[in-house]
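# Commentary on secondary and tertiary structure
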Amino acid sequence: MRPESTNGTGGGGLAVPMDWLCAEYLADELLRTGGLVETGSLEYVAGRRTLALTIYLSDGAVPEEQLDEWLDRTSHDHPWQDWVRERLTARRARDGDGEPGVALALETLRLLEETLLLATDLGALPASPAAPIVVDESAQVWLPSWQLGLPLGHLTLHLY
């Protein structure tokens, strides 16, 4: 089947745009080869969605040229969620809400925000790096899945 095929889509284009497919494929490959979490786990899905959304909204061509940007976007001190919203707003203004890539990105963000995962409360860690870091793994909180997917994606990018 040719990439331009509309077999079963009932429209004049791909059901899923190539740039979104490439972003998801790359995110999946990075996470699988990084081996940080079990493939198919909720953490893996959160990491794949977060990384795919980051890759898609970066408008990049090849990973080697975008790696530094992706590392910056997924770093702990970067306001990832604000950046995603700004980029989606710009894409919606440029391409419209009906563009399939924009629709997939909006749905992915919705899933990342609405899917909650129970995780160790890292918000209780001391702000000062001089203070000893003690993590009480029994203290858990419900977090939006992007808050777990973001550090997982960042670590995966470092392994690349």
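Our subject in this report is the structure included herewith. Since the model is a prediction, treat every value here as computed from it, not as a measurement. (Residues numbered from 1 in each chain as written. Predicted model: local features only at pLDDT ≥ 70, side-chain atom pairs only at ≥ 80, totals over all residues. Heavy atoms only, no water.)

### As for the overall build of the chain
For clarity, the threshold we go by: Secondary structure counts use DSSP, requiring at least four H or I residues in a row for a helix and at least two E residues in a row for a strand, with both numbered from the N terminus. Relative accessible area decides the class of each residue, using a 1.4 Å probe on protein chains only: under 20% of the type maximum gives buried, over 50% gives exposed, and in between gives partly exposed. Working definition of accessibility: Shrake-Rupley area with a 1.4 Å probe, residue cover restricted to the visible protein chains.
For the chain, the helix and strand inventory stands at 6 helices and 2 strands. With 160 residues in all, the chain has 34% of them scored as buried. Roughly 9,400 Å² of accessible area belongs to the chain as shown, and the carbon and sulfur atoms make up 55% of that amount.

### A closer look at the packing of helix α2 (residues 42-57) against helix α6 (residues 145-159)
Put simply, the test is: Every axis in this analysis is a line fitted to C-alpha atoms, fitted for helices over the stretch in contact. Angles between the N-to-C directions lie between 0 and 180 degrees. The labels follow the angle: roughly parallel below 35 degrees, roughly antiparallel above 145, roughly perpendicular from 65 to 115, and oblique for the rest. The contact criterion used throughout is that any non-hydrogen atoms of two residues lie within 4.5 Å.
Contact pair α2 / α6: the axes reach a minimum separation of 7 Å and the direction vectors enclose 75°. Taken together, the axes of α2 and α6 lie roughly perpendicular to each other. Touching Glu43, Tyr44, Ala46, Gly47, Thr50 and Leu51 of α2 are Ser145, Trp146, Gly149, Leu150, Leu152, Gly153 and Leu157, all from α6.

### Observations regarding the nonpolar core
The test is simple: What is meant by a nonpolar core is a set of buried Ala, Val, Leu, Ile, Met, Phe, Trp, Tyr and Cys residues, joined one to another through side-chain atoms within 4.5 Å.
Judged by nonpolar contacts, the single largest core of 27 residues is most densely connected at Leu51, Leu53, Ile55, Leu57, Trp80, Val84 and Leu157. Of all the secondary-structure elements, those providing two or more residues to this core are α1 (18-34), α2, α3 (63-73), α4 (80-95), α5 (100-114) and α6. Broken down by element, the residue count for this core peaks at 7 residues, all from α2. Excluding its chain neighbours within four sequence positions, the residues that come into contact with leucine 57 are Trp83, Val84, Arg87, Leu88 and Arg91.

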